[in-house]
Amino acid sequence: YVRQTMRRIQQSYAARISIERLADEFGVSASYLSRKFKEAARQTFGEILTRQRLYMAARQLSTGIYRVYEVAEQNGFGDYKNFCTVFKKYAGESPTEFMRHRRGNAVRDE
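Remember, it's a predicted structure, so these values are computed and weren't measured experimentally.

Novice: Mind showing me how you'd approach the environment of M6 here?
Specialist: Residue placement: M6 occurs in helix 1 (residues 2–12). Its relative accessible area of 27% is what places M6 among the partly exposed residues. For the pair M6 and E25, spaced 19 residues apart in sequence, the C-alpha to C-alpha distance is 14 Å. Once you skip the residues sitting within four places of it in the chain, M6 turns out to touch F37 and I48.

Novice: Looking at this structure, I do not really get the side chain of Q60. What am I missing?
Specialist: Examined against the element boundaries, Q60 turns out to sit in helix 4 (residues 45–63). Separated by 2.4 Å, the side chains of Q60 and N75 make a polar contact. Residues contacting Q60, with those up to four places away along its chain left out, are Y66, V71, Q74 and N75.

Novice: Looking at this structure, how should I read the side chain of Q52?
Specialist: Summarising the element assignment, Q52 is placed in helix 4. Not counting the four nearest positions on each side in its chain, Q52 is found in contact with I9, Q10 and Y13.

Novice: How should the pattern of salt bridges be read in this particular structure?
Specialist: Note on pairing: side chains with opposite charge can pair once their charged atoms come close. All told, the structure shown has 2 salt bridges when counted by the stated rule. The partner of R8 in a salt bridge is E25, with the nearest N and O atoms 2.6 Å apart. Taken together, the residues R8 in helix 1 and E25 in helix 2 (residues 19–26) connect sequence positions 17 residues apart. Between K36 and E39 there is a salt bridge, and its shortest N-O distance comes to 3.6 Å. Of this pair, K36 and E39 both sit in helix 3 (residues 30–41), 3 residues apart, which is roughly one turn of that helix.

Definitions and limits used
- Residues numbered from 1 in each chain as written.
- Predicted model: local features only at pLDDT ≥ 70, side-chain atom pairs only at ≥ 80, totals over all residues.
- Heavy atoms only, no water.
- Helix = DSSP H or I, 4+ residues; strand = E, 2+ residues; numbered from the N terminus.
- Buried < 20%, exposed > 50% of the residue type's maximum accessible area, 1.4 Å probe, protein only.
- Contact = heavy atoms within 4.5 Å.
- Polar contact = N/O pair within 3.5 Å; in protein donor to acceptor, adjacent residues only side chain to side chain.
- Salt bridge = Lys/Arg side-chain N within 4 Å of Asp/Glu carboxyl O.

Read these as geometric descriptors, not functional statements.
This is how it looks when you write it as structure tokens:
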């Protein structure tokens, strides 16, 4: 189940996925899947999902093509403000600062 869950995170990170929904699809309890996932991955489902979303968001931001709110929406962060908070927590800088440092030019914010 862990490999299947990892695959789903990689394929569907932008969608609304949850450990409960996946556990239901696999026919196991959410607590069982959560426990097995953490044992194997050494991180929780939510942590892995967030990291995948942030990785993909950073790739998009570094192109300079997308606005920050577009990147937030396209990578499963429904809320712009939440995306900025989470991004800064993991990256140490806001999405806008990240873009400035990667592109070295003017940044479109919203």
